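# Analysis of the macromolecular model
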Amino acid sequence: MQIIDAADLDYRAVNEALREAESDFIIEGCCGQRFIAAGISGKNLTINGIPGNALGAYLNNANITVNANAQDAVGDTMNEGKILIHGNIGDAAGYAMRGGKIYVQGSAGYRAGIHMKAYKEKIPVMIIGGCAGSFLGEYQAGGVIIVLGLHKDGRRIVGNFPCTGMHGGKMFLRGSCEDIHFPKQVTAKCAAADELEEIREYLSEYCLDFGYSMDELLSEPFTIITPDSKNPYKQMYVAN
Amino acid sequence: MKIEGQVRIPSGCAISAVISKDGNKMSGEMIINSMKPMHDRSNGLGGGFAGYGIYPEYKDFYAFHMFFDSRDTRKECEAFLKERFEIIQSEIIPTRKIPEVTDEPIIWRYFAAPLKSVLASLQLEEKEFVAKTVMKINAEMPGVYVFSSGKNMGAFKAVGFPEDVGVFYKLEEYEGYSWTAHGRYPTNTPGWWGGAHPFTLLDYSVVHNGEISSYDANRRFIEMFGYKCTLRTDTEVITYIMDYLLRVQGLTLGEAASVIAAPFWSTIAAKTDLEDQKKHTYLRTMFPSLLITGPFSIVLGFEGGLMALNDRLKLRSMVVGEKDDKVFIASEEAAIRIIEPNAENIWSPAGGEPVIVKVKEGAF
C-alpha cells in the first residue's frame, strides 16, 4: 500500500500526489488540507489525521475512509463513491450531492444533506450515527438521509428547523421524534415495514462498516419524513 | 494600479484562540502555529493577534498600541495624550523586517494612566474616560489610530497573512494566559492596517469570521452612546456593542450573547423553562437594534477569559477542544490538532450558544 506523508504538504501538493498514486493508498499526517480527492474516480484511500474542508468534493467514484473527524462540506456535490467517517463531521455535509454514500459513525454539524438531490438511478444516501445539528435536510430535493441517534450525550436527535424547504427525497430518524417540530410542508409519521425495507440494504452495510447489529438499530421505530404534496410551497413570495 | 478597496479581490476568514484555565503562560508562537493549517482561509490582506497577561510589569497601566502615518502626527498625538495621561513608558513596538509584511505605519506603544485631576474635573470614571479618549483620537486625528487600549493585554495587527504578522511582531517574545488570532479575507471593505482584526476597546477584543448584514442598524444605535465607527469595517461595531452591553449596561456574558445572537421568536416561544423564556423576551425587547444578523463566528477576549459565539443560524464554522488546563477554539479542528494533537472533547457549539472560558480566580 502506498503512503503519502501529508505533514509538510499543502492541499495542492497532496492532491497532486494522490492523483499520481496507485489505486489503493493511505494519507498520513493530514492536517486541514482542503479538497482532498476532489473529482477523482477509481481509487481507495484511507486518511489518518484531520482532512480539511470539502473532502471528496465532486467525488466521481472512489472510496474514502477517514479515521478521525472530518471538517465542513464533506462530499460537496459528490456524484458517486463512498465516504466513511470514523468520527464526527462538520457543517453542510453532502451539500447538493447527487449520488454516492456518506456514512458517519458520529454526529453531524448544521445543515447536513442540504439540497441533496436524485436523478433516475442516482440516489445519494447519508447515514449519521449520532445526532444532527439544525437545518438537517434543508431544501432536500432527493436522496435518503438517515439519522440513528446512537449518541449518548442526551442531545436531541436533530436540532431546530429540520427539513426546512424540503421538497423531495426521504428522511428517516430513529425514534418517535415527538419532541421535534417539523414544517407544515412535510409529513412525519412512523415508518411502515415496507418503508423500512427500502433502507435495509443501507443499514446493513452501515452495520458491517461500523460493527453494529441490525437488531439493535431496528429495536426502535423510525420516523419517516417526506414532502407533503398536498401542501406544496405556494404563495411564499407572490400569488401564483 | 488600483489598491484593494477600489478593486474587489474575491477571497472566508480564520479565527483561533487558546486559554489556560490555570493562568499558565504561553508564548505567542503557539497561536501563530495554530493559524498555519488555515492559511487558505485568508488572502494576505490582514492578520492579527491579541494576547492577555503579556505586560505584567505594567499591569496597572493602559497599554495604548498606536499606528501613526508620520512623525508629526505622532508628536501631535503625544502632546494631546500628555495633557490627559501620565505616560510612564513610550516606545516603538519591536518588529522584524520581513518581505511578507511591508508598508508599515509608525507603530508605537504607550503605558499610561489617566491624570486624576482630569478625571475629577470631567467627573468621569477611569474606563469611560479612556474609551472616550480612544474614540476621540480615532475619529478626530487623521493618520492616528489606537488599535489597543487595555491593561495587561495588547493587540498586534497588520496587512499580511497571520503567520507572517506574528513573526513581524516577534510574538514569540511575549507570554500570555490567553491568545486570539485572526486571518482576514476581506470581502466588502478595504484591507488596511487599521482594518485587520482584532478590534479592541479597553480590555475587550474581537476576532470575527463572517459578515454582518445588520451593520448599519447596529452602528446607528451604538453611535448614540458616544461610540464612533471609524475603521471602515463591520467587526468594529461588535467590539463596541460588547463594551456597551458588558461594561456600560452590566449584562453578563451569557446575556450579551443572547442579545447579539438572539434566538428566533419561535424558538423563544417553544422554551419550556419559563424564566428563561421571560429573560430572552426581555433581552430581545430591550435591545432589538443590537441583534447581529448575518454570518459570524467570533471570539471575544477580555481580562481573565474568552467567549466564543456563532450567529444563531450558524453560518460559520467553529470548533472547541480541550487538553489539561487549556481550551482551544478555532474555525477548523486542524488548527487545534496542529498545536495539540491529543486535544479531547472536540465539539461544535450550536448557533447562538456561547462558550465562556475563564481563568481560575486569582490566577491571572
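Residues numbered from 1 in each chain as written. Chains lettered and ligands numbered in written order. Predicted model: local features only at pLDDT ≥ 70, side-chain atom pairs only at ≥ 80, totals over all residues.

### Quick look at the overall build of chain A
Counting its regular elements, chain A contains three helices and eleven strands. N-terminal to C-terminal, the α/β element order of chain A is β-α-β-β-β-β-β-β-β-β-β-α-α-β. The C-alpha atoms of chain A give a radius of gyration of 18 Å, which matches the 18 Å a tight globule of 240 residues would have. Reported as C-alpha extents along the three principal axes, the dimensions of chain A are approximately 55 × 45 × 30 Å. With 240 residues in all, chain A has 51% of them scored as buried. If you take every contact in chain A between residues at least 6 apart in sequence, the share linking residues at least 24 apart comes to 37%. (Helix = DSSP H or I, 4+ residues; strand = E, 2+ residues; numbered from the N terminus. Rg over C-alpha atoms; globule rule 2.2 N^0.38 Å. Buried ≥ 20, exposed ≤ 12 C-beta atoms within 10 Å, placed from the backbone. Contact = placed C-beta atoms within 7 Å.)

### Details of the sheet that holds strand β7 (residues 144-148) of chain B
All names here are of chain B. Taken together, four strands build an open sheet; the order of strands is β5-β6-β4-β7 and the sheet is antiparallel. Bordering the open sheet on either side are β5 (85-92) and β7, each of which pairs with just one other strand. The sheet shows a mean angle of 30 degrees between the axes of neighbouring strands, direction not considered. Inspection of the sheet shows strand β4 (residues 62-68) paired to β7 by four bridges, in the antiparallel sense. Bridge pairing links F67 to Y145 in β7. Across the face of the sheet, helix α2 (residues 71-82) comes into contact with β4, β5, β6 (106-114) and β7 while running at roughly 5 degrees to β6. Docked against the sheet, helix α4 (residues 126-140) engages β4, β6 and β7, running at close to 140 degrees with respect to β7. (Pairing = 2+ DSSP bridges. Axes fitted to C-alpha atoms, helices over the stretch in contact; angles between N-to-C directions.)

### Quick look at the domain arrangement of chain A
Each domain of chain A was delimited in the assignment, giving domain 1 (1-70) and domain 2 (88-227). Once you take the C-alpha centre of each, domain 1 of chain A and domain 2 of chain A turn out to be 26 Å apart. (Domains from an automatic or database assignment.)

### A word on the pairing of strand β10 (residues 178-183) of chain B
All names here are of chain B. Most of β10 sits inside the fold, with six of its six residues counted as buried. Alternating residues of β10 divide into S178, T180 and H182 and W179, A181 and G183, and every residue in both groups is buried. In this structure, strand β1 (residues 14-20) lies alongside β10, joined through six bridges in antiparallel fashion. In the strand pairing of β10, V18 is matched with W179. Of the pairings in the sheet, the one linking strand β3 (residues 47-52) to β10 comprises six bridges and is antiparallel in character. Bridging from a neighbouring strand, G47 pairs with G183 of β10.

### What to know about the nonpolar core
By size, the foremost hydrophobic cluster in this structure holds 184 residues, and its most contacted members are A37 and V147 of chain A together with I241 and I329 of chain B. Looking at this core, the element that brings in the most residues is helix α7 (residues 235-248) of chain B, giving seven residues. With residues up to four places along the chain from it excluded, the contact list for A37 of chain A reads L18, L45, L55, G56, L59, A62 and I64 of chain A. (Core = buried A, V, L, I, M, F, W, Y, C linked by C-beta atoms within 7 Å.)

### Some thoughts on the environment of G90 of chain A
For G90 of chain A, the position within the fold is in the loop between β5 (81-85) and β6 (101-104). In the structure, G90 of chain A is positioned 19 residues away from Q71 of chain A in sequence and 4.6 Å away in space, judged by C-alpha atoms. Setting aside residues up to four positions removed in sequence, G90 of chain A forms contacts with A70, Q71, D72 and G109 of chain A together with S317 and S348 of chain B.

### Digging into the confidence of the model for chain B
Summarising the model, chain B shows a mean pLDDT of 95, and 97% of its residues fall at 70 or more. As scored by the predictor, the complex reaches a pTM of 0.95 and an ipTM of 0.93. (pLDDT = per-residue confidence, 0-100.)

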